[in-house]
Structure formats: C-alpha cells, structure tokens
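# Structure assessment
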Amino acid sequence: DAKTTQPTSMDCAEGRAANLPCNHSTISGNEYVYWYRQIHSQGPQYIIHGLKNNETNEMASLIITEDRKSSTLILPHATLRDTAVYYCIVRVVGTYKYIFGTGTRLKVLA
Amino acid sequence: DTAVSQTPKYLVTQMGNDKSIKCEQNLGHDTMYWYKQDSKKFLKIMFSYNNKELIINETVPNRFSPKSPDKAHLNLHINSLELGDSAVYFCASSQVEKLFFGSGTQLSVL
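Reading guide: rules and limits
- Residues numbered from 1 in each chain as written.
- Chains lettered and ligands numbered in written order.
- Predicted model: local features only at pLDDT ≥ 70, side-chain atom pairs only at ≥ 80, totals over all residues.
- Heavy atoms only, no water.
- Contact = heavy atoms within 4.5 Å.
- Buried area = accessible area lost by both parts, 1.4 Å probe.
- Salt bridge = Lys/Arg side-chain N within 4 Å of Asp/Glu carboxyl O.
- Polar contact = N/O pair within 3.5 Å; in protein donor to acceptor, adjacent residues only side chain to side chain.
- Helix = DSSP H or I, 4+ residues; strand = E, 2+ residues; numbered from the N terminus.
- Nonpolar A, V, L, I, M, F, W, Y, C, P; charged D, E, K, R; others polar.
- Pairing = 2+ DSSP bridges.

### Quick look at the interface of chain B and chain A
Facing 21 residues of chain B, the contacting portion of chain A comprises 19 residues. When chain B packs against chain A, the two sides together hide about 1,600 Å² of surface, and 57% of this comes from carbon and sulfur. On the chain B side of the interface with chain A, the three residues burying the most area are Leu 43, Glu 97 and Leu 99 of chain B, jointly 28% of the side's total. Between Glu 58 of chain B and Lys 97 of chain A there is a salt bridge, with the nearest N and O atoms lying 2.8 Å from each other. If you look at where chain B meets chain A, you find 6 residue pairs in polar contact (both at pLDDT 80 or more). Listed by contribution, the elements that provide at least two residues to the side of chain B that touches chain A are strand S4 (31-37), strand S5 (43-50), strand S6 (53-57) and strand S10 (98-101) of chain B. A per-class count over the side of chain B that touches chain A returns 11 nonpolar, 6 polar and 4 charged.

### Some words on the sheet that holds strand S7 (residues 70-75) of chain A
Residues and elements named next belong to chain A. The strand order across the open sheet built from 4 strands is S2-S7-S6-S5, with neighbouring strands paired in antiparallel fashion. Looking at which strands have only one partner, the edges of the open sheet turn out to be strand S2 (18-23) and strand S5 (55-56). Pairing of strand S6 (residues 61-64) with S7 involves 4 bridges; the strand directions are antiparallel. In the sheet register, Ile 63 faces S7, and the bridge partner there is Thr 72.

If you want it as structure tokens, here you go:
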C-alpha cells in the first residue's frame, strides 16, 4: 500500500512556482522520497528523488523537512506543459517495488 | 531511439480471447516491470523481473503470465480475457534508482 498522502488536485498560474506537498509520516530511515509525473496518458516520468537533503535538478526542486515526514516538490516556473498528475513515492533503494498512490492532479492555468 | 517500447499501442478484443503485449528496453537495465492503470487512473504493480528471474508477483489472476526471454524483453500474455481486464498496461525498466516507462498499451475487452 502507498505510504504517502497527497492532495487530490491543485491549480497554479503559468509562470508561478508550483508547490506540491506530500505527507510520508511513516517513512523509515532508509527510504527515499521519489517524485514522478504522468502527463495525460503517457507513461510516468521520473522527476527527482532525495533522502534527507534538499535536491535540485533541471526539472524541479525537492524540499524534505528535517523530520522527513513530509516533502514538497517545487516547479519554479510552471508552464502549461507541466499539467500532469504528480506522484510522490517512498522506497528503499535497492528494492524493486515502487508503489504509486493516487497522486496530485496539477493544472497550470494560462 | 525509444528507450522502453511496447506493442501494440491499442488492443481491442473480445471476452475469452488470449492476447499478448510485448515490451523491449534498450537501456541495458536488469529489471523490468508490468503495471496496470485502471479507469480510475490508479497505477498498480503486477510483476517484476530481474535478469529474467521473477522477483515481484502481486495478487494477479493466473490468467496473466509474464515471460522474459532475455533481460531486454518482458512480455505479458493474458488468457481468457475478461471485461475487467480493460485498462492501460505499462511496461517499465529500472537500474538502481529510476523507473523508465513505455508509452502504454490500451487494452479494451468487449
């Protein structure tokens, strides 16, 4: 079963930062936080992952709270093409099971 | 070149038929997966193979049989198709951290 809780949907104005929260209050010390997104009916796409430090790549930033019980994915300048379902997943590196929850449907508005 | 490719993209068939979906990855990954996404968009893991060995077998009817002839291929054969099998089936591969998904096969059972 998914170990994460996310809001069902969010809206964001184009050009503004989109902040997507995720609650993972039962996360274990060896579990990483991963984010994927699914645009329309395409296959999900990897965005970013982290353990406890904040991470940034060309797509997004990941902010993990100090107690690791929640995190936020930040898309710094959302575009219409960022409209998608965003999934937050916790997983032990080296294991094979990725369990997807229901995700957050982000709609970027013009 | 497409990293994870599945065929066919669409599959429409009658109840009771047997069908196969093929998946190939050219990423050199050791691990491959099948996921099912139902009409409510919930993405659920079905199977995973690592180096041709079955490592994850979720609660899936035994009408579903995965086959991995080599580590670059993972096919899904479905016997005696039922209406409830209608869904989008995604193949994926991974090496250590990231999942790479195919574009999906939309199966419609009439």
